[in-house]
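Take a look at the letters that make up each chain.
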Amino acid sequence: MSERAIGFQYATVAQQREASTLGMWAFLATEVLFFGALIAAYLNYRIWLGDEFIAAASLTKVALGTANTAVLLTSSACMAMAVMTFEAGSKRAPVLWLTATALLGLAFVVIKASEWWLDYQEHLIPALNFDLARHGGVAEIFFVFYFCATGLHALHLLIGISIVAWLATAIGRGRIVPGGSTTRLVGLYWHFVDVVWIFLFPLIYLAGRNG
Amino acid sequence: MSAATIWKCWFALMLLLAATTASAFVPLGSANIVISLAIAVAKALIVLLFFMELRGSRALVRAFAAAGFFWLLIMIVLTGADYWHRTDALAPIDQVR
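The rules behind the values
Residues numbered from 1 in each chain as written. Chains lettered and ligands numbered in written order. Predicted model: local features only at pLDDT ≥ 70, side-chain atom pairs only at ≥ 80, totals over all residues. Heavy atoms only, no water. Helix = DSSP H or I, 4+ residues; strand = E, 2+ residues; numbered from the N terminus. Buried < 20%, exposed > 50% of the residue type's maximum accessible area, 1.4 Å probe, protein only. Areas by Shrake-Rupley, 256 points an atom, 1.4 Å probe, with all protein chains shown as cover. Lys, Arg positive; Asp, Glu negative; His and termini not counted. Charge placed at Lys NZ, Arg CZ, Asp CG, Glu CD. Contact = heavy atoms within 4.5 Å. Core = buried A, V, L, I, M, F, W, Y, C linked by side-chain atoms within 4.5 Å. Domains from an automatic or database assignment. Buried area = accessible area lost by both parts, 1.4 Å probe. Salt bridge = Lys/Arg side-chain N within 4 Å of Asp/Glu carboxyl O. Polar contact = N/O pair within 3.5 Å; in protein donor to acceptor, adjacent residues only side chain to side chain. Nonpolar A, V, L, I, M, F, W, Y, C, P; charged D, E, K, R; others polar. Phe/Tyr/Trp six-rings, centres within 6.5 Å; stacked < 30°, edge-to-face > 60°. Disulfide = S-S within 2.5 Å. Expected span 1.5 Å × (residues − 1). Bend = angle between axes of the 7 residues up to and from the residue. Patch = residues over 30% accessible without salt bridge, like charges linked within 9 Å, V, L, I, M, F, W, Y side chains within 5 Å.

Explain the overall build of chain A to me, please; I cannot follow it from the model alone.
Broken down by element type, chain A carries seven helices and zero strands. Across chain A, helices and strands are ordered from the amino to the carboxyl terminus as α-α-α-α-α-α-α. Along the first, second and third principal axes, the C-alpha atoms of chain A reach 65 × 30 × 30 Å. Here chain A, with 211 residues, has 55% of them falling under the buried criterion. Carbon and sulfur atoms form 68% of the exposed surface of chain A, whose accessible area is close to 8500 Å². Computed over 12 positive and 12 negative side-chain charges, the separation of the two mean positions in chain A equals 14 Å.

Here it is in structure tokens:
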């Protein structure tokens, strides 16, 4: 899978770059609505169910959630460094920054999985082992949202990690030539997954932390 | 974009993360979610404008980026205009308590 600097359908590299960037943003707009529907549902239930719903959010692990937010924000900075050094014509630096990005992404998934394990032990997983008598029905509704949101986000991140690992290998082997758009587009996807988490974090982890 | 800009953005993101987590433990009533969502918007804008380079993009790219969020706003506001003001739809919800 060798990438040509410019596709046959384009007149200039700049035109190719703009068309592919626009295409990526069109895809990301659909992703905004995909995660946005979940967030709209959360807001409805939060307003309907009030304090009980907010109290259920305090059963999540705020230390792990905050650490994961820091990990993901740092991975985005590494991704920005990868795109910047790649476009400056460097070959070694983007491979290192992409490797750092993928490893931080992997760290996020490991922390998330350990949190799910704690949730399992506390009988917080709806349809698997949710303890209705202990936590109540409103908490179950919150945890349905929690697992849908964090699960779909983790799936997006796993796809991102695979693509970043592939990209690092391709750049290292010289298959991706400077001037191509692939690195920028992978960067846009990665940052978007970060933006989704930026909104999920306060809704899931910061609700019900006082009073 | 320079390395200095990227790491300044990262530093700002870390400060905002510390601020939002700290604010969640201060009892402010309904202001808590307003503050945490306002900080989330600030963090997202840093990522969108700098890391995703919307700051230097052409108007068409910015319009595509804004379209998704604009439609999301319509979805949330129109859904909320109905559900958040219903008083007679609470019965089935009460049964889950």
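Text resumes after the structure shown.
Before we go on, may I ask you to explain the overall build of chain B in this structure?
Summing up its helical and strand segments, chain B has four helices and zero strands in all. Sequence-ordered secondary structure for chain B, helices as α and strands as β, is α-α-α-α. Counting all 97 residues of chain B, 31% fall into the buried class. Put simply, 50% of the contacts in chain B that link residues at least 6 apart link residues at least 24 apart. Total accessible area computed for chain B in this model is approximately 5700 Å², and 73% of it derives from carbon and sulfur atoms.

What's the story with the nonpolar core in this structure? I'm lost.
Generally speaking, nonpolar side chains in soluble globular proteins are found buried as a group. Core analysis: the largest hydrophobic core is formed by 86 residues, its most contacted members being A:Trp25, A:Phe142 and B:Met52. Residue contributions to this core reach at least three from each of two domains, namely domain 1 (1–55) and domain 2 (58–86) of chain B. Leave out the neighbours within four places in its chain, and A:Phe142 touches A:Tyr42, A:Phe53, A:Ala56, A:Ala57, A:Thr60, A:Leu203 and A:Ile204.

Would you mind showing me how to read the interface of chain A and chain B here?
One widely used convention gives an interface's size as the accessible area the parts lose upon coming together. Taken together, the contact between chain A and chain B spans 50 residues of the former and 48 residues of the latter. Across the chain A to chain B interface the summed buried area is about 4500 Å²; carbon plus sulfur atoms make up 79%. Remark: the boundary between chain A and chain B carries two salt bridges. Here A:Glu18 ties to B:Arg58 by a salt bridge, and the two come within 2.8 Å at their closest N and O atoms. Here chain A is connected to chain B by seven residue pairs in polar contact (both at pLDDT 80 or more). Secondary structure elements with two or more residues in the side of chain A that touches chain B: α1 (13–49), α3 (62–87), α6 (137–172) and α7 (182–205) of chain A. Counting residues per element, the side of chain A that touches chain B draws most heavily on α1(A), at 19 residues. Taken together, the residues that form the side of chain A that touches chain B break down as 34 nonpolar, ten polar and six charged.

Which parts of the structure should I look at to understand the packing of aromatic side chains?
Think of a pair of aromatic rings as described by two things: how far the centres are apart, and how the planes are tilted against each other in angle. Applying the stated rule across the entire model yields 18 aromatic pairs over all chains. Members of the aromatic cluster, joined through ring pairs, are A:Tyr42, A:Phe53, A:Phe142, A:Phe143, A:Phe145, A:Tyr146 and A:Phe147.

Sorry, what's going on with the state of the cysteines here?
By definition, a disulfide links the sulfur atoms of two cysteine residues through a covalent bond. This model, assessed by the stated rule, comprises zero disulfides over all chains. In this structure A:Cys78 is a free cysteine whose sulfur lies 14 Å from that of B:Cys9, the closest cysteine sulfur available. Under the relative-accessibility criterion, A:Cys78 is labelled buried at 5%.

In this structure, what is going on with unusual backbone geometry? I would like to understand it.
Residues apart from glycine generally show negative phi values, whereas peptide bonds are mostly found in trans. Positive phi outside glycine occurs at A:Ala127, with the angle close to 70°. Classification of A:Ala127 by relative accessible area gives exposed; the value is 85%. In the Ramachandran plot, B:Glu53 falls in the positive-phi region, its phi being about 60° despite a non-glycine side chain.

For this particular structure, what's the right way to read the domain arrangement of chain B?
Domain assignment breaks chain B into domain 1 (1–55) and domain 2 (58–86). For domain 1 of chain B and domain 2 of chain B, the distance between their C-alpha centroids amounts to 21 Å.

Would you take a moment to explain helix α3 (residues 59–83) of chain B for this structure?
Since the α-helix turns once every 3.6 residues, residues separated by three or four places project in the same direction. Residue and element names in this part refer to chain B. A rise of 1.5 Å per residue sets the reference length of α3, with its 25 residues, at 36 Å; its end C-alpha atoms lie 35 Å apart and thus fit the reference within 8%. Along α3, the helix axis deviates most sharply at alanine 67, where the bend reaches about 25°. Every buried residue belonging to α3 is among Val61, Ala65, Gly68, Leu72, Ile76 and Gly80, and all of these are buried.

Teacher, can you tell me more about a nonpolar patch on the surface here?
On the surface, A:Leu33, B:Phe70, B:Trp71, B:Leu73, B:Ile74, B:Val77 and B:Leu78 cluster together to form a nonpolar patch covering roughly 690 Å² of accessible area. Among the elements that take part in the nonpolar patch, α3(B) stands out by supplying six residues, more than any other.

Hey, could you run me through the pattern of salt bridges in this one?
A pair can form between side chains of opposite charge whenever their charged atoms are brought close. All names here are of chain A. Inspection of every chain in the model, using the stated rule, returns seven salt bridges over all chains. A salt bridge links arginine 184 to glutamate 87; the shortest N-O distance between them is 3.6 Å. Residue arginine 184 is located in helix α7, and its partner glutamate 87 is located in helix α3; the two are separated by 97 residues in the primary sequence. Classification of arginine 184 by relative accessible area gives buried; the value is 13%.

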